[in-house]
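Geometric and topological summary
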Amino acid sequence: MINSDKNNVKNYDLVIVGGGMVGISLALLLAQQQSDWNVLLLEAQAYDNSDNHNNHPSFDSRSTALSWSSRKIFQAAGLWSELESHTSAIKNIHVSDRGHIGLTRISADEAGVDALGYVIENRWIGNVLLKKFTATAVEIMAPERVAKITPLKSGVRLNLEKSGEAVETSLLVIADGANSQTAQKLGIHSDKKPYGQQGIIANIALQDAHNGVAYERFTDQGPMAMLPLPDFDGSPRCALVWTQPPERAAELMTATDKDFLKALQESFGYRMGMVEKVGERVAYPLALTTASEQVRRNIVVLGNAAHSLHPVAGQGFNLSLRDVATLADVLGKAKSAGTDFSSLETLERYQQQQLADQQNTLMFSDNLPKLFAQASSVVALGRNSGLVMMDLLPSLRSRFAKFGMGMANKEAGHGA
Ligand SMILES: Cc1cc2nc3c(=O)[nH]c(=O)nc-3n(C[C@H](O)[C@H](O)[C@H](O)COP(=O)(O)OP(=O)(O)OC[C@H]3O[C@@H](n4cnc5c(N)ncnc54)[C@H](O)[C@@H]3O)c2cc1C
C-alpha cells in the first residue's frame, strides 16, 4: 500500500527512474519477493499497448545475446520459458580475423552446456517483461521525468516534470540509460570514452539455415557479429552488429539495400552462405561510459547509467542483469531483517559484491575490440597466433566461452 503524508506527498520504498530493460527487470525481481515492496516506476517514453514495442528506446529493433547467467536469473523469476520461445540458441561461436588465418570455434558441447547464449530481439524482451510487469502492483508513470531531486534526512523527494507532483522515496534507483539526466542532477557525471566508431545493427535474411552458429569477425575497420535469430516467415535470419568508422558507417547507412548487402558479403565472406535481405538499419555511436559514483545513501545508479559498454562482446545487459539480481537480493535481505535497505552500508554491500564482475567485464569488453583494431603486422601475427592457440587449447577457449556466458566471475552465483 502507498503511504501519503499530511501534504499528500506519496511515499514509496523505491522509485525507479527509467523503465528500459534494466529498470523493468529490477521492478520484476522485487515484485516476486515476499517483501511487499511499494515501487513507482517513472519512464520518459509512453509504452504503446500493442504487442510491438519496437519504437521504445530500450525495446527497439536491436537484438540481445542473453548469457547463461541471464537465463538463470530470468528462470528464477519465472520468465525464462516465455522468453526462450522467442530466442535462437547459440550452439557454436566462430571467431575469425579478416585477411588472416586465425580462427577459433567454441562449442556448447565442449563447454558442457545446452547453449553458449540465446539471441532475442529486444522488442520480444519488452513484450514479455512488460506483460508480466503490468500484472504486478508496481505503479507506473509514463511519460514522466524528474524535474528536481531534494535529499531529505531519510530518503529523497522528487518533483516530477509533467504531472507537477512531488513524491518521496527511501531509495531512488537511477536507470535512465547512458548520459543519465537524473544522475547529472545529483552531480554524478558520466565519464565517456568514445571508440570513434558506430555500431550498425540490422536483421539479415539468409539463404541457408544458420544452425545456431554465431560469428564474431574482426576486420581492420572494426569488429562485426552475426547472431542467429529465430526464422521469420520460414526464412533463416541473423542479427548483424557491424562496427565501422563514422564516415564508412554513414555511407553504409545511406547505401541501397543491394549495395549494403554486397558490402556485407564482401566483408563477412560466405561462411553463413548468401545474405539475401536486410531489414531496417540503425546506427549507434559507441563509447565506454561509466558513472563517477554508483551508490550514495538512498541512491543507486544501475544499467547503462552506471556502465555502458562496447557491444562487440554482448555483455552490457547481461552484466546489468547480474547487478540487478544482486541488488534485489541485498535489498530483500535487508528488508526482511528489518534493517535500513537504503543505507549507505547496505548499498555498499551490493557494490562490493558486484565490483569484480563489473571490473572484469568492462576490461574484457574494452580490450577485445582494441586488440583487434591494431593494424600492425606484429599485432596481427600475435592475435592470429592467439586465435590459433585458442583453437588448440581447450582451456583458453572454455575461459572465453565462460566469459561470454557470464560465468567467469560468478561460478558460484547467478552464472553457476
Ligand atoms: C548495438 C548494440 C547491441 C547490443 N547487444 C547486446 C548484447 O548482445 N548483449 C548484451 O548483454 N547487451 C547488449 N547491448 C547493451 C544493452 O542494449 C544495454 O546494456 C541495455 O540496453 C541497457 O539497458 P538500460 O535499461 O540500462 O538502458 P536503456 O536501454 O537506455 O533504457 C533507459 C530507459 O530510460 C528512459 N529514460 C531516459 N531518460 C529518462 C529520464 N530522464 N527519465 C525517465 N526515463 C528516462 C528511456 O526512455 C529508456 O526506456 C547492446 C547495445 C547496443 C548499442
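Residues numbered from 1 in each chain as written. Predicted model: local features only at pLDDT ≥ 70, side-chain atom pairs only at ≥ 80, totals over all residues. Heavy atoms only, no water.

Overview of the overall build of the protein chain
Just so we agree on the cut-off: Helix numbering and strand numbering both begin at the N terminus, where a helix is a DSSP run of H or I of at least 4 residues and a strand a DSSP run of E of at least 2. Only protein chains enter the calculation, and the probe is 1.4 Å; a residue is then buried if its accessible area is under 20% of its type maximum, exposed if over 50%, and partly exposed in between. Here a residue-residue contact requires only that any non-hydrogen atoms of the pair lie within 4.5 Å. The Shrake-Rupley method, run with a 1.4 Å probe, gives the accessible areas here. Residue values count only the displayed protein chains as cover.
Helices and strands together make up the secondary structure of the protein chain, namely twelve helices and 21 strands. Counting across all 416 residues of the protein chain, residues that qualify as buried make up 54%. Contacts spanning at least 24 positions in sequence make up 72% of the contacts within the protein chain whose residues lie at least 6 apart. Working note: accessible area of the protein chain is about 18000 Å², and carbon and sulfur atoms make up 51% of it.

Considerations on the packing of helix 2 (residues 68–76) against helix 9 (residues 316–336)
Note the following rule: Axis definition: a line fitted to C-alpha atoms, limited for helices to the stretch in contact. Angles are taken between N-to-C directions and run from 0 to 180 degrees. Angles are sorted into four bins: roughly parallel if under 35 degrees, roughly antiparallel if over 145, roughly perpendicular if 65 to 115, and oblique for all others. In this scheme the crossing of two helices becomes right-handed for a clockwise turn of the near helix relative to the far one and left-handed for an anticlockwise turn of less than a right angle. In the scheme used here, Gly and all other residues not listed as nonpolar or charged are polar, with Ala, Val, Leu, Ile, Met, Phe, Trp, Tyr, Cys and Pro taken as nonpolar and Asp, Glu, Lys and Arg as charged.
Remark: helix 2 packs on helix 9, axes separated minimally by 9 Å, with the N-to-C direction vectors making an angle of 40 degrees. On the basis of their axis angle, the class for helix 2 and helix 9 is oblique. The way helix 2 lies across helix 9 gives a crossing that is left-handed. Facing Ser69, Ser70, Ile73 and Phe74 of helix 2, the residues of helix 9 in contact are Phe317, Asn318, Leu321, Arg322 and Ala325. Looking at side-chain class alone, the contact of helix 2 with helix 9 contains five nonpolar, three polar and one charged residues.

Digging into the pairing of strand 16 (residues 235–244)
So the rule is basically this: By definition, two strands form a pair when at least two bridges between them are found by DSSP.
Buried residues dominate strand 16, accounting for nine of its ten residues. By the bridge criterion, eight bridges tie strand 13 (residues 190–206) to strand 16 in an arrangement that is antiparallel. Within the sheet, the bridge partner assigned to Gln198 lies in strand 16 and is Gln244. Inspection of the sheet shows strand 15 (residues 222–232) paired to strand 16 by seven bridges, in the antiparallel sense. The residue bridging Phe232 from the neighbouring strand is Ser235, located in strand 16. Where strand 15 folds back on strand 16, the antiparallel hairpin that results is connected by two residues, among which Asp233 adopts a positive phi of roughly 50 degrees.

Focus: the sheet that holds strand 4 (residues 63–66)
Each strand in a sheet pairs with its neighbour through backbone hydrogen bonds, running either in the same direction (parallel) or in the opposite one (antiparallel). Read from one edge to the other, the open sheet built from three strands follows the order 4-8-5, with strand pairing classed as antiparallel. Bordering the open sheet on either side are strand 4 and strand 5 (88–90), each of which pairs with just one other strand. When the angles between neighbouring strand axes are averaged without regard to direction, this sheet yields 25 degrees. Here strand 5 runs beside strand 8 (residues 117–121); their pairing, made up of three bridges, is antiparallel.

Observations concerning the nonpolar core
Going by this rule: The definition of a nonpolar core used throughout is a set of buried Ala, Val, Leu, Ile, Met, Phe, Trp, Tyr and Cys residues joined through side-chain atoms within 4.5 Å.
Formed by 50 residues in total, the largest nonpolar core has its most connected members in Leu14, Leu26, Phe74 and Leu302. For this core, the element with the highest residue contribution is helix 9, accounting for nine residues. With near-sequence residues (within four places) excluded, Phe74 lies in contact with Ser25, Leu66, Leu79, Trp80, Leu83, Leu129, Phe317 and Leu321. One finds Val15, Val17, Val156 and Leu160 within the second-largest nonpolar core, a separate group that totals 22 residues.

What to know about the UniProt feature "transmembrane region" (unreviewed entry) in the protein chain
Just so we agree on the cut-off: UniProt positions are given in the numbering used here, feature names are shortened, and annotations may be inferred rather than shown by experiment.
UniProt marks residues 12–31 with the feature "transmembrane region" (unreviewed entry), using the numbering shown here. Secondary structure across residues 12–31 comprises 55% helix and 30% strand; the distance between its end C-alpha atoms is 14 Å.

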